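One-letter residues, chain by chain:
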Amino acid sequence: MPYRWDTSASTDQPVLSLRPHRSLPRRGFAAMVLFAFTMGTLPLYGLLGTAFLWGLLPFILLMVAGLWWGLERSYKDGDILEELTLQDDTLRLSHKPARGQSQQWECNIYWVQVRSHAHGGPVPYYITLTGNGRTVEIGRFLSEEERQTLYPELEAFLRENAAPQR
């Protein structure tokens, strides 16, 4: 799952960290570029020693550079982090986009409501947190199945932590 609950001993309360799924790890990135370069240069081996080699080589190198740039851009666009933390009675959601300013939302946990909107949102099963006069989204970049799994976990987390302590 591209989200996880951190329940380590260093934190009193669990921290929910959400990141977009990476289907191509960095090793796969390097292998893909190497594969594209190798496949692109195969036709050139028959042209060694001719002027046609120098006519085709720039286009193959441009194709490899374009692939590199596109994959690198995809990695940077997916560099998003959302963290939901609970400190004392304050629930805090921080959203760090790939580009732009970080956004913060906080509310007393006793007033927070979590909702899943199966239809009518920008994505199916859109999850929102409402409190302090604002409604914020959480996990918009997750897949539909991941949002459906996350919603009951969020409900249980809020129900468990908003219960009066005895």
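Residues numbered from 1 in each chain as written. Predicted model: local features only at pLDDT ≥ 70, side-chain atom pairs only at ≥ 80, totals over all residues. Heavy atoms only, no water.

### Structural notes on the environment of D79
Reasoning step 1: For D79, the position within the fold is in the loop between α2 (51-77) and β3 (81-87).
Reasoning step 2: Residue class for D79 comes out partly exposed when judged on its relative accessible area of 44%.
Reasoning step 3: Residues D79 and L93 lie 14 residues apart in sequence; the distance between their C-alpha atoms is 17 Å.
Reasoning step 4: Excluding anything up to four places from it in sequence, D79 contacts R19, R22, K96, P97 and A98. (Helix = DSSP H or I, 4+ residues; strand = E, 2+ residues; numbered from the N terminus. Buried < 20%, exposed > 50% of the residue type's maximum accessible area, 1.4 Å probe, protein only. Contact = heavy atoms within 4.5 Å.)

### Let's talk about the environment of Q104
Reasoning step 1: Examined against the element boundaries, Q104 turns out to sit in strand β5 (residues 103-108).
Reasoning step 2: In sequence terms Q104 and S94 are 10 residues apart; their C-alpha atoms lie 4.5 Å from each other.
Reasoning step 3: Leave out the neighbours within four places in its chain, and Q104 touches R92, L93, S94 and R134.

### Regarding helix α1 (residues 26-41)
Reasoning step 1: In this model, α1 (16 residues) spans 23 Å end to end at C-alpha, consistent with the 22 Å of a helix rising 1.5 Å per residue.
Reasoning step 2: Along α1, the residues classified as buried are F29, V33, A36, G40 and T41. Angular distribution of buried residues about the axis of α1 spans 120 degrees; they occupy a single face of the element. The outward face of α1, more than 90 degrees from its buried face, is lined by the exposed residues R27 and L34.
Reasoning step 3: Here the buried face of α1 lies against α2. (Expected span 1.5 Å × (residues − 1). Arc of directions from axis to C-beta.)

### Quick word on the packing of aromatic side chains
Reasoning step 1: Per the stated rule, a full pass over the model turns up 3 aromatic pairs.
Reasoning step 2: Judged by centre distance (4.9 Å) and plane angle (70 degrees), the ring pair of F29 and W68 falls under edge-to-face. Remark: W68 occurs in helix α2 and F29 occurs in helix α1; sequence separation between them is 39 residues.
Reasoning step 3: Taking relative accessible area as the criterion, F29 reaches 3% and is therefore assigned buried. (Phe/Tyr/Trp six-rings, centres within 6.5 Å; stacked < 30°, edge-to-face > 60°.)

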